[in-house]
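# Overview (structure and organization)
Spelled out from the first residue to the last, the chains are:
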Amino acid sequence: MKRALILLAATAAVSAPALADEALAKAKNCMACHATDKKLVGPSYKDVAKKYAGDAKAADMLAVKIQKGGSGVWGAIPMPANPQVSEAEAKKLAAWVLSVK
C-alpha cells in the first residue's frame, strides 16, 4: 500500500506541470486551432515539438509567435496574434509545446 501511494504521488508530480500547461492552452483558446496529436487548423503540438527539437532558440521564437502571430511556416493559413496571452504565459506555453511527445 505504501509503495502504491509513493508511485501515485510521483506520477502526479511528473504529470501535474504538463496538465497545468495544457489547461493554460485551453484557457487561452489555443486548442481551438491546435491539438496535441493531430493537425486541426494549425499543426499538432507533437509536430511542432518534433520540428524544433534541439533548436535552442525555438522557445523564444515560439513565444513571440504565440503573441504576435505568424505565417508561412506550416502552410498558407496564418496564425493570428494572441494579445490576451502575456509574455510569461507565452513562454510557458512555448516550453510546454516543445515538451509534447
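Notes on the structure follow. For clarity, every value in this text was computed on a predicted model and none was experimentally measured. Every chain begins its residue count from 1, and numbering advances along the sequence as written. Thresholds applied to this predicted model are a pLDDT of at least 70 for local features of residues and 80 or more for the giving and counting of side-chain atom pairs; totals over whole chains, interfaces and linings are not thresholded and use all residues. The basis for the side-chain values is all heavy atoms of the structure; hydrogens and waters are excluded.

What follows concerns the pattern of salt bridges. Within this document, salt bridges are pairs made up of a side-chain nitrogen of Lys or Arg and a carboxyl oxygen of Asp or Glu, the two lying within 4 Å of each other. Scanning the entire structure with this criterion turns up four salt bridges. Note that Lys-92 is salt-bridged to Asp-21, the shortest N-O span being 3.6 Å. Of the two residues, Lys-92 is situated in helix H4 (residues 87-99) and Asp-21 in helix H1 (residues 2-27); the sequence distance between them amounts to 71 residues. Partly exposed residues are those whose accessible area sits between 20% and 50% of the maximum for their type, while under 20% is buried and over 50% is exposed, using a 1.4 Å probe and protein chains only. Take Asp-21: its relative accessible area is 11%, and that puts it in the buried class. The closest approach of N and O atoms between Glu-22 and Lys-26, which form a salt bridge, is 3.8 Å. Of this pair, Glu-22 and Lys-26 are both found in helix H1, four residues apart, which corresponds to roughly one turn of the helix. Lys-26 sits in the exposed class, given a relative accessible area of 52%. Helix and strand labels come from DSSP, where a helix needs a run of H or I of at least four residues and a strand needs a run of E of at least two; each type is numbered from the N terminus.

With that settled, the discussion passes to the nonpolar core. Formed by 17 residues in total, the largest nonpolar core has its most connected members in Ala-25, Tyr-45, Ile-66, Leu-93 and Trp-96. Counting residues per element, the ones that place at least two in this core are H1, helix H2 (45-51), helix H3 (58-68) and H4. Broken down by element, the residue count for this core peaks at five residues, all from H4. With residues up to four places along the chain from it excluded, the contact list for Ile-66 reads Met-79, Ala-81, Asn-82, Val-85, Ala-90, Leu-93 and Ala-94. Remark: nonpolar core denotes a set of buried residues (Ala, Val, Leu, Ile, Met, Phe, Trp, Tyr, Cys) joined through side-chain atoms within 4.5 Å. Two residues form a contact once any of their heavy atoms are found within 4.5 Å.

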